[in-house]
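Now for the letters of each chain:
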Amino acid sequence: MGYSDQLTEKDLIQMYRWMVLTRVFEDRICGLWGKGGVVELPHGSQGQEAIAVGACYGLRQQDHVMPSLRTRGAFLVKGISARVQMAGVYAKVTGPARGKATAHHMGDAERGVLLGSGIVGASITVAVGAALAFKLQRRDNVVVDFFGDGAAQRGDFHEGLNFAGVFKLPIIFVLENNGYSEYTPLSKHFAGSDFACRAQGYGFPGMRLDGNDIFAVYEAVQAAAARARAGEGPTLLECMTYRYRNHCEVQPPEAFRDPAEIEQWQAKDPIARMRAQLMQRGILTDALVSKITAEVEAEIDDAIQYAEESPFPAPEELYKDVYAPESPELVVGRRS
Ligand SMILES: Cc1ncc(C[n+]2csc(CCOP(=O)(O)OP(=O)(O)O)c2C)c(N)n1
Ligand SMILES: [Mg+2]
């Protein structure tokens, strides 16, 4: 029996709901961008929601994720509320790092979200380090490392995957191949046939899958997590997808892209697809779909209100929590 077959109706509805929440969150901030209030420049993941949600649903609380540029859904599934993320979008003190970071590259140690990086690809080796820590601590947690096709062209990718392969680390590399690195199409930055085959060069399995199919993502990540927990090492999952918005909201969606290409992918929308599947199985009905949409809209309304009403951080906040508390070794080292 596959992993998806074990999902209950409640699970399936919850997974669908997470995707809708991610979509509505991002559609709303794209709509608000430029009108005052929203500080974080939106880098939307609309169209890619099945990857973040499918990969994170079913992870344990102690499992860690390393975000990419487009992992809003992962933050939500890992338990970072829409309110906190929205406060980050507005740079308020109630947001991540008490207003010192937006929600874009946020981390949350308690919820197993590693701190992302603005340097594309740089987070891959950090995620590998976290997986090494789990192994040394003999904990059977896994790290799910999200990054894009552009990040996979950086040296960090090769260093990270090589190290993870040599030490059989409990990490799942989730490559979100959306066909673009900023405005550069894959055909202009990649001469190979696929990224998945690169895993072979580092001694572990790699596979390409339909990233707009939440069940395909869930199955692949669950299988890779079981391998990782059993000490069998990493897996590379190349998830094929597309983002509807442009790299960020500075450019309209169709800048540097053929509108027909966007439409083609919209026909393969991950949310509409799951909805149709669940309706066919009688798990979702029109009434339930409307109820979920209304609840999600209300949750985002509430998050926006919370963010708008929250204060900005006080100036002295700038110096808090920037450096780790002094460790005894450092203190001893300085005295000697
Ligand atoms: C080292 C580095 N080079 C360039 C940039 C500017 N930059 C930010 S995101 C991005 C593209 C990333 O593409 P990809 O990894 O495919 O992720 P996607 O945006 O498609 O999700 C670039 C070039 C950066 N942040 N860091
Ligand atoms: Mg990309």
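Scroll up to find the structure.
Here is what the cut-offs are and how they apply
Here the residue numbering is sequential within each chain, running from 1 through the sequence in written order. Throughout, the order in which chains and ligands are written sets their labels, letters from A for the former and numbers from 1 for the latter. Under the rules for a predicted model, residues below a pLDDT of 70 receive no local features and side-chain atom pairs below 80 are neither given nor counted, while totals for whole chains, interfaces and linings still include all residues. What counts as a helix is a DSSP run of H or I of at least four residues, what counts as a strand is a run of E of at least two, and both are numbered from the N terminus. Here the expected span of a helix is defined as 1.5 Å times the quantity of residues minus one. The burial criterion counts other C-beta atoms lying within 10 Å of a residue's C-beta, which is placed from the backbone; the residue is buried at 20 or more, exposed at 12 or fewer, and partly exposed between these limits. The term nonpolar core refers to a group of buried residues, namely Ala, Val, Leu, Ile, Met, Phe, Trp, Tyr and Cys, whose C-beta atoms join them within 7 Å. Each residue gets a C-beta atom placed from its backbone, and two residues are in contact if those atoms lie within 7 Å. Residues are classed as near a molecule or strand if the C-beta position derived from their backbone is within 6 Å of it. Gly is put with the polar residues, along with every residue not named as nonpolar or charged; the nonpolar set is Ala, Val, Leu, Ile, Met, Phe, Trp, Tyr, Cys and Pro, and the charged set is Asp, Glu, Lys and Arg. For two strands to be treated as a pair, DSSP must find no fewer than two bridges joining them. Fitted lines through C-alpha atoms give the axes, limited to the stretch in contact for helices. The angle between two N-to-C directions lies from 0 to 180 degrees.

Enquirer: I would appreciate a short explanation of helix α11 (residues 286-309) in the present structure.
Expert: Think of an α-helix as turning once every 3.6 residues; residues three or four places apart then point the same way. Its 24 residues give α11 an end-to-end C-alpha distance of 35 Å, which sits within 8% of 34 Å, the value for a rise of 1.5 Å per residue. Inspection of α11 places Val296, Ile300, Ala303, Ile304 and Ala307 among the buried residues, and these make up the whole buried set.

Enquirer: So what exactly am I meant to see when it comes to the nonpolar core here?
Expert: Nonpolar side chains in soluble globular proteins generally cluster together in the buried interior. Core analysis: the biggest nonpolar cluster contains 83 residues, and Val144, Ile171 and Ile172 have the highest contact counts within it. Top element by residues in this core is helix α8 (residues 214-229). It accounts for 10 residues. Setting aside residues no more than four positions away along its own chain, Ile172 makes contact with Val142, Val144, Asp145, Val221, Ala224, Ala225, Ala228, Pro234, Thr235 and Leu237.

Enquirer: What's the story with α8 in this structure? I'm lost.
Expert: Its 16 residues place the ends of α8 22 Å apart at the C-alpha level, agreeing with the 22 Å of an ideal helix rising 1.5 Å per residue. Every buried residue belonging to α8 is among Ile214, Phe215, Ala216, Val217, Tyr218, Ala220, Val221, Gln222, Ala224, Ala225 and Ala228, and all of these are buried. Gly231 sits one or two residues past α8 and shows a positive phi near 80°.

Enquirer: Where do I start with the site of ligand 1 in this structure?
Expert: In the neighbourhood of ligand 1, 17 residues make up the surrounding shell, with Val120, Gly148, Gly150, Ala151 and Ser181 lying closest. Of all the secondary structure elements, the ones that give two or more residues to the shell around ligand 1 are β2 (143-148) and β4 (180-181). By residue class, the composition of the shell around ligand 1 is six nonpolar, seven polar and four charged.

Enquirer: Is there a simple way to explain the sheet that holds strand β6 (residues 206-210) in this structure?
Expert: Pairing between the strands of a sheet comes from backbone hydrogen bonds, and it takes one of two forms, parallel or antiparallel. Pairing in this open sheet of five strands is parallel, and the strands run β1-β2-β3-β7-β6 from one edge to the other. Either end of the sheet is taken by a strand with one partner, and the two such strands are β1 (64-66) and β6. This sheet shows a mean twist of 20° between the axes of neighbouring strands, independent of strand direction. Bridge analysis of β6 against strand β7 (residues 235-240) gives five bridges, and the strand direction is parallel. Residue pairing for β7: Asp210 is matched across the bridge by Met240. Across the sheet, helix α2 (residues 49-56) touches β1, β2, β3 (171-177) and β7, and the angle it forms with β3 is around 165°. Lying on the sheet, α8 is in contact with β2, β3, β6 and β7; it crosses β7 at an angle near 170°.

Enquirer: Hey, could you run me through the environment of Val296 in this one?
Expert: Checked against the element boundaries, Val296 lands in helix α11. Residues Val296 and Val24, 272 residues apart in the sequence, show an inter-C-alpha distance of 7.4 Å. When near neighbours in sequence (up to four residues on either side) are disregarded, Val296 contacts Arg17, Val20, Leu21 and Val24.

Enquirer: Mind showing me how you'd approach unusual backbone geometry here?
Expert: Working note: non-glycine residues mostly have negative phi, and peptide bonds are mostly trans. Here Ala91, not a glycine, exhibits a phi torsion of approximately 60°, which is positive. Relative to the assigned elements, Ala91 resides in the loop between α4 (82-89) and α5 (122-136). Owing to 21 C-beta atoms within 10 Å, Ala91 belongs among the buried residues under this scheme. Phi at Arg138 takes a positive value of approximately 55°, unusual for a residue other than glycine. If you trace the backbone, Arg138 turns up in the loop between α5 and β2.

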